[in-house]
Every structure is written in C-alpha cells, then in structure tokens.
Amino acid sequence: MTDTTSPEVAALLAQLTDAEKVSLTAGADAWSTSAVERLGIPAIRLGDGPHGVRKPHDGSGMSMFDSHPATCFPTAAALGSSWDPALVRRVGEALGREAAAHGIAVLLGPGVNLKRTPVGGRNFEYFSEDPHLSSRLGAAWVNGVQSTGVGASLKHFAANNTEQRRYGIDAVVDERALRELYLAGFESIVVEERPATVMAAYNKLNGEHCTENAWLLRQVLREEWGFEGVVVSDWGAAWDRTLSVPAGNDLAMPGLGARDDRYVLDAVRTGALSREALDDSARRILELVERHADAATAPVDPPDLEAHHRLARQAAAAGTVLLKNDGGTLPLQEGVRIGVIGAFASAPRFQGAGSSHVVPTRVDTLLASLRTALGTDAVTFAPGYDLVHDESTPAQLAAARHVAEEADVAVVVIGLPEVFETEGVDRAHLRLPDSHDRLVEAVLAVNPNTVVVLQNGSPVELPWRRAVPAIVEGYLGGQASGSAMAEVLLGVSEPGGRLAETFPLSYASHPVSRLPNGPVTAEYRESLHLGYRYFDSAGEEVEFPFGHGLSYTSFAWSDVAVAVSPSGDDVTVNLSVTNTGSRVGSEVVQVYVHDVESSVFRPEQELRGFAKVALEPGASEAVSIRLPQRAFSFWDVDSRSWVLESGRFEIRVARSSRDVVWRGDVDLSGQAAPHERDEPSAYRAPSGELGFPVADFERLLGHPVPPNVAPRPGRFTLDTAIRDMQQTWAGRVLRRFLARQAVKTIGAPASAPVDAVAGEVVAQLTFRMFPTVSEAAIGRRGATRLLSVVNGLARILPRRRG
C-alpha cells in the first residue's frame, strides 16, 4: 500500500482473489477494464482520442468510422502551432465533457512524442519537435481534461518516433538525448499534472520493449518522477503479462480472454509472477476506478456542441500560420473576386488517419464559408485534382486556369491526402502530390496574385514558394477549419500560429534522412541535434524556421531586461510588447538559451520559455518569462543527474529560432566545470557534410550499436515485421490476408481510401501483435507456433514463389 491508498481500495484489494486480481490487469474487451461484480467493482471505459472522442456504435469494437459523432478539434499539429496553453486547456476541458457524456472515464491523450523526423506518419498527433513547447501544451491538455473528472493517458512512452516497424523497432538513444529530449516532456507533465495513466509504447527502447522495461516504468517513471497512476499498454503492446506486470505495466489493453488470464494465474501460483507485483498493479487499477468511474457514470448536462464548434474554430485560427505574405496580399480586400481552386476547399482534409479518426458533428468547408461571407457570385470554384489519387486531368487544369484568370485573386487549396499521411506508415519524402504542385504552377502562370492554403499534418516541400506571394499553413485544423480559414483570409480572425517544427528544404537535408531506421533498430545518432537544434547548430538553410509565423499587424519589443534571482536558482526575462499596427493581433515571445562555456556539447540554442500575448492596436503588455535552473542544466552521464555548470549563458529573445530580437548574457553559479570532455567533433560542430558517424555515436552510447540486419528467412523472430518477410511466399500471403482483415476490422466505408494504405499499415505488424489483431483467436502459443510454420516454409519453399 501507499500513503495515498484509500481505506476503501485497501479493503477491496484484501478481498480480491488471485484470479480477480489477474482479471483486473487486462481489459475485458477492446475498451473496458474488467469488473468484479462480486465486490461491486465496476468496469470503466477508455477511449480515443487526442482531438475528439471516438466511441464506436458497437461499443466493444474497433471501428474507426462507425462512431458516435463528436467535436473534431484541431489536431495536435495545429494546436501546437498556437503556442497557447490557455486555449489548449479549454480544448481539453471540452474534450473531457464530451468524453464523460459518452461514458468514457479515461481519454487516450495527449501524445507528446517529439517530431524527430518530419516524415513521421503520426506527426499530426504530436505538438512539436521541442520538449518544452510539447510539455507546456501537453500539460494544459491534461489539466483541462482532468478538470472534468475524466482521466488522461499521456502517450506514447517513450521514444516512439517512427511508424515504420513500430511494433518491434528498437530505438537506440544515448542517455543525454533520452533525458534532455525524449523523456523531458513526459517528466514535466507527470510531475506537474499527475495524469491518471501513462501509455507504454509499442517499440523497444535500448533493447527492451517499453511495456517490459522496468528501468523506464519503475525506476524513472515511478521512483524518480513519483508517478502513482496506472501504466496502460498501447493496444497490443503487452505480449506477456508475466513480463509486463513486474516491469510496471499495470493494464494490458485490449483484453485477450479467459485463456490468457489462466496463463497469468498459473504464473502467480508457481511464483513466476510475484503476488507483490500483481497486488501493486491491481491496487493502482482499483484507484483508477475509484477516481474516475463517477465522471463517466454520474448524470451530466449534455455538452454544448455549438459552443464546442465555435471553440474548434477559434483554435483552428489560433493555430493557422501565415508563412509568407508579400505585399500585404492578405487579408483579402473587400470586393475582390476570388477564384477558389483545389478539391480540399470543398472536401477538406481536417483530421489525421488512424486510431484518432473522429466522426464530426459537422464540417465547415472553406468554399462554403467564403460563399456564405461574400455571396456565391463573388467566389468561383474548380477542383483541380482528384481527392484521393495523385491525378489531375487536362480538363481539370484547364478549368482551374479559367477560374484563376477570371478572378482578382486565386486561392489554391492543396495538401496531403490520407494515402500520403497516415498512422502506421511513414512518408518516404516531403513532397506534395505532383498534381498539387502542377496545379499551383498552372494557376501562377495565369494569375500571379495567388494565395496557397495548405492542409497537411506535417512539413511539406514548397518548390514554388518564391513565386507565390502568400502561403498559409492550416495543418489539419478540425471540423471548423474551413470557416476558420475563411475568417483568416478575410481578416475577421488573425493567423495566430507560429511553427512548432522546422520546415526543411527537403527530406534529404534533414539529418534523420541519412540515418538507419530499421530493419531492427532506429539509431538516434543525431543525439541532441533534433529539429531546429540541428539546423541552427549546423547553420543550414531551411524552408521556414521553428517559431516562424507572420501577423496582420506589427509589434515592437522594448525594455528587455534579465534578472537573476537572489538565490541564483532562476532567471527572469522581462520586456514590453506593443501592438504598433492597426489591427488586433497576437505575438509569441520566444526565449532561447545558448551555453557559452559548456564542458559538454550542446546545441547552438534551445527554447526554454515563451509567452503569447494578444493586443488591441496601440496597446502594450508587460511580459515576464521565468527560466528555472533546469533551463540551464544538462544531464550528466557520469553522475546520472542534472548539472548546472558555473559560467556564462546568452539569453536570446526571439520571434523565431532565426529571428533574434535581443541578446544578453547572464553569469550563473553552479558546479565547477571539469576539463572539456572528450567528445566527437560531429556533435560539437555538426554539419550536413560530416553527418553523425556510427563510431562517434558509439562513443556517446558507451558501447557498440546493436546489429541492424533483418533475420534471414527461416530465422524470423516475434519482432520481425511482416514487411521484412516479403521475400518469402508465406510472408506475402500473410500480408494480403492481414490487409483484407484490417479493412473489415476498422469498418471502413467503401468511399474511404483505406485499401491503398492497408497493405503498408499491416506490413508493420509483428507476430507479437497477432493475439490482438485476431481478437484473441490466436494466443501467444498460437502466434509462436504460426511463426515456426512461417520459418519452416521459408526454409523449404523458393523465396520468389508466387
């Protein structure tokens, strides 16, 4: 027991049988915990997701399309670019109210994994490439949801940064990068907001699956950070509870039935699974039920869906980033004739594809919203391309040119279709569909007064960006994104966003593009040089820098001053921000720290604080940003602790990582710096030409990198992805069969473009996932036997057969 365990939970735990305790450690179905009716212990329901509630109509099924309608708020990519914790908290609060109304006690979010690579298929579900920004926004989301009594589930813990081979890939990360980047966002939210649950990820971390990683779940999460909630597996990530429960994973989701319970119970009786570990997990699940069951069962007023739609519109506008606006092209002037071109204007891409898919309560389109505001005659339209496939016919391009020629301004709406960007598959590049690029070029040829609006979940290459006067990044802005974008284009709302990630010139210019990502390991050789940390340290050109975003008004910053507290524990940056323009607008003050005298390698600068202020024309506001001691510290691998070294630090007050407005030095007292450490030059002075050699990375790790070669046919393991079995007849048959089953399981309608990506998604599956994808028809023993059959067939059948 712990000091916080209630007498009621203690009494219930004492009355539970071993079999009942075992049943509590796995779901009763795809979404619910197990009830113990004998003792009046109810089941509680967990549910997706981060930007909208998804509750399938069939209750216990996995359908992603046949769900109860709910407000689809902007995705985390869009909320991240708002840089507005107060707004994100309001979104969280609305999500909590809708979750409770649907009987959901724990909402599965937020996702605070960092955007290590811009091609990540699930990047739309994450806030940023920076841990400080991610943690501030993630904490606000958790606070908002949990203020309603519904619990949150902080995910995906940890280093879950690729969709390729995500069920078995081993993330090989050096200790400093792990502590300073990939764990830092989780740590801050756990310590400050105490989320009800933390979700353990699919992947391995430095050789051990996250659900079986006692160092991660017990030592770091519980002992160091003081987490007292439930650790729940990502769906299917807990292969064997006799391994995951003692490691600290309390709840395996979804449940795998009575057969699996009997296996675990036998392990308890034989001592293979200790009763102490089982009791700890059962107690934490009882505490979860005690704290959050009432939120999903108590009578509540129906959520105000109209108010939530208005909030979704406000959030979408706040996350809209004005990337370029030459000559004051935007906002559009009154009385202009607008030619809207692009199928996304009438059938928008407003959310991501995968487990977070929401059936919205309504959808606003940009085309309809502009016509409502200006009249049908003032807004003409041509689709320009096929919605699903990368195609545009000569007739479509001709119609687009005609609409553009007749208009005063052309608004071209392009982006990434679902088949280009989805959970389960990483992109191979950052290019837009060729048909979208061709459309922009065709329109520019007849009307240079062109505005490009983007709908995408992550960065894209913009080869025509120098020729287009205005570019607006809308991300995947939720069900109200169309009306929000119309208001931004017309100047009713301001584009309040700033990029929460770097837009590189191309994927080839990104350091991760040149590093191994499979078949067995993902080598995080770049270490601390993630996103802008790399580009700013290497001095490489980017398409648009981290933190960038323009406004319809102008701001002046003055009276910047930096003060060190008397105790020397923190630093405060003070300044005055004035709206010097003629329109209402918001500004984001970003504070970066540059370590001038470090004994260890550090990036050129790191975001350590920020503030967003909204001002009327002529108004001023005093801004104060506190930088705690941790903002200047690094993780010391020798002492395994955070260390502040005495010395000089440069404070940079900026509008983006490349637009520094003010610089000033502070001298801080801490530990005496030892002699400069023997570190590879690739990390002290990174460059695209040098890269990050494996020998240098091994010096950081302190050991050789693990082998990264796919097992030969006949020697596949439980962690081998189906995609790495495709040279065998059995592997190809499995992939085709699983793709058909996946389409049925998620309940995709005929109009949904899932067939095109289903094969790629299931290609990432491993045999560890078979009990889950078969809904327990194949257990662990069956999966192991099937793997043996596949290996046997691979040894005796020709590799290219079929």
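Quick note: structure is the one above.
On a predicted model such as this, the values are computed, not experimentally measured, just so you know. (Residues numbered from 1 in each chain as written. Predicted model: local features only at pLDDT ≥ 70, side-chain atom pairs only at ≥ 80, totals over all residues. Heavy atoms only, no water.)

### Examining the overall build of the chain
Reasoning step 1: Assigned secondary structure in the chain consists of 23 helices and 24 strands.
Reasoning step 2: In terms of overall dimensions, the chain is globule-like: its C-alpha atoms have a radius of gyration of 26 Å, near the 28 Å expected for 802 residues.
Reasoning step 3: If one aligns the C-alpha atoms of the chain with their principal axes, the spans along those axes are about 80 × 65 × 60 Å.
Reasoning step 4: Classification of the 802 residues of the chain by burial places 63% in the buried group.
Reasoning step 5: In the chain, 76% of the contacts between residues at least 6 apart in sequence involve partners at least 24 apart.
Reasoning step 6: On the chain, roughly 28200 Å² of surface is accessible, and the fraction owed to carbon and sulfur atoms is 50%. (Helix = DSSP H or I, 4+ residues; strand = E, 2+ residues; numbered from the N terminus. Rg over C-alpha atoms; globule rule 2.2 N^0.38 Å. Buried < 20%, exposed > 50% of the residue type's maximum accessible area, 1.4 Å probe, protein only. Contact = heavy atoms within 4.5 Å. Areas by Shrake-Rupley, 256 points an atom, 1.4 Å probe, with all protein chains shown as cover.)

### Side note on a positive patch on the surface
Reasoning step 1: Taken together, the side chains of Arg259, Arg262, Arg781 and Arg785 present a region of like positive charge at the surface.
Reasoning step 2: Put simply, the parts of the chain that give the positive patch at least two residues each are helix 10 (257-270) and helix 23 (780-796).
Reasoning step 3: Within the secondary structure, Arg781 is located in helix 23. (Patch = residues over 30% accessible without salt bridge, like charges linked within 9 Å, V, L, I, M, F, W, Y side chains within 5 Å. Salt bridge = Lys/Arg side-chain N within 4 Å of Asp/Glu carboxyl O. Lys, Arg positive; Asp, Glu negative; His and termini not counted. Charge placed at Lys NZ, Arg CZ, Asp CG, Glu CD.)

### Here's the deal with the sheet that holds strand 7 (residues 208-209)
Reasoning step 1: Pairing is mixed in the open sheet, where 4 strands are placed in the order 7-6-4-15. The open sheet has two edge strands with one neighbour each: strand 7 and strand 15 (521-523).
Reasoning step 2: Alignment of strand 6 (residues 204-205) against strand 7, held across 2 bridges, turns out to be antiparallel. Following the sheet pairing, Leu205 is matched in strand 7 by Glu208. (Pairing = 2+ DSSP bridges.)

### Structural notes on the side chain of Glu501
Reasoning step 1: Looking at the secondary structure, you find Glu501 in the loop between helix 16 (481-490) and strand 15.
Reasoning step 2: Engagement of the side chain of Glu501 in a polar contact is seen with the side chain of Tyr475, the distance being 2.7 Å.
Reasoning step 3: Apart from residues lying up to four places away in sequence, Glu501 is in contact with Lys115, Glu129, Ser458, Pro459, Tyr475, Pro545 and Phe546. (Polar contact = N/O pair within 3.5 Å; in protein donor to acceptor, adjacent residues only side chain to side chain.)

### Considerations on the side chain of Arg165
Reasoning step 1: Inspection of the secondary structure assignment puts Arg165 in the loop between strand 3 (151-157) and strand 4 (170-172).
Reasoning step 2: Owing to a relative accessible area of 12%, Arg165 belongs among the buried residues under this scheme.
Reasoning step 3: Arg165 has contacts with Asn517, Gly518, Pro519, Ala721, Arg723, Asp724 and Gln764, leaving out every residue within four places of it along the chain.

### Regarding the sheet that holds strand 16 (residues 555-564)
Reasoning step 1: Read across the open sheet, the 3 strands follow the order 16-17-20; overall the sheet is antiparallel. Strands at the two margins of the open sheet, each flanked by one partner only, are strand 16 and strand 20 (620-628). Pairs of neighbouring strands in the sheet enclose a mean axial angle of 20 degrees, with direction left out of account.
Reasoning step 2: Sheet analysis places strand 17 (residues 570-579) next to strand 20, joined by 9 bridges and oriented antiparallel. Within strand 20, the position partnered with Thr572 by the bridge is Arg626. (Axes fitted to C-alpha atoms, helices over the stretch in contact; angles between N-to-C directions.)

### Examining the pairing of strand 3
Reasoning step 1: Where burial is concerned, most of strand 3 is hidden: 7 out of the 7 residues are buried.
Reasoning step 2: Taken together, the 2 bridges between strand 2 (residues 106-107) and strand 3 define a ladder with parallel strand orientation. In the sheet register, Leu107 faces strand 3, and the bridge partner there is Ala152.
Reasoning step 3: Each parallel crossover has a hand, and for strand 2 linked through helix 5 (residues 131-146) to strand 3 it is right-handed.
Reasoning step 4: Where strand 3 lies against strand 5 (residues 197-200), 3 bridges are found, and the strand directions are parallel. Within strand 5, the residue paired with Leu154 across the bridge is Val198. (Right-handed = clockwise from strand over helix to strand, strands pointing away.)

### Structural notes on the pattern of salt bridges
Reasoning step 1: Tallying each qualifying case throughout the model produces 52 salt bridges.
Reasoning step 2: Residues Glu423 and Arg122 are paired through a salt bridge, measuring 3.4 Å at the closest nitrogen-oxygen approach. Of this pair, Glu423 sits in the loop between strand 12 (409-415) and helix 15 (434-446) while Arg122 sits in the loop between strand 2 and helix 5, and the two are 301 residues apart along the sequence.
Reasoning step 3: We classify Glu423 as buried; its relative accessible area is 11%.

### Brief notes about the packing of helix 5 against helix 7 (residues 184-193)
Reasoning step 1: Two numbers describe how helix 5 lies on helix 7: the axes approach to 8 Å, and their chain directions differ by 35 degrees. Along this stretch, helix 5 crosses helix 7, giving a crossing that reads as right-handed. Facing Pro131, Ser134, Ser135, Gly138, Ala139, Val142, Asn143 and Gln146 of helix 5, the residues of helix 7 in contact are Ala184, Gly185, Ser188, Ile189, Glu192 and Glu193.
Reasoning step 2: For the contact of helix 5 with helix 7, the class distribution of residues is 5 nonpolar, 7 polar and 2 charged. (Left-handed = near helix turned anticlockwise from the far one by under 90°. Nonpolar A, V, L, I, M, F, W, Y, C, P; charged D, E, K, R; others polar.)

### Concerning helix 23
Reasoning step 1: The end-to-end C-alpha distance of helix 23 is 25 Å, a good match for the 24 Å that 17 residues give at a rise of 1.5 Å each.
Reasoning step 2: The complete set of buried residues in helix 23 reads Arg780, Ala783, Leu787, Val790, Asn791, Gly792 and Ala794. (Expected span 1.5 Å × (residues − 1).)

### Notes on the nonpolar core
Reasoning step 1: One finds Phe157, Val173 and Tyr182 to be the most contacted residues of the largest nonpolar core, which totals 86 residues.
Reasoning step 2: With residues up to four places along the chain from it excluded, the contact list for Tyr182 reads Leu114, Arg116, Asn161, Val173, Ala177, Tyr524, Glu526 and Leu530.
Reasoning step 3: Grouped together as the second largest cluster of nonpolar side chains are 60 residues, Leu322, Val409, Val411 and Val413 included. (Core = buried A, V, L, I, M, F, W, Y, C linked by side-chain atoms within 4.5 Å.)

### Here's the deal with the pairing of strand 16
Reasoning step 1: The sheet contact formed by strand 16 and strand 17 spans 8 bridges and is antiparallel. Among the inter-strand pairings, Ala561 is bridged to a residue of strand 17, identified as Asn574.
Reasoning step 2: Linkage of strand 16 to strand 17, two consecutive antiparallel strands, is achieved through a turn of 5 residues, within which Gly568 is found at a positive phi near 75 degrees.

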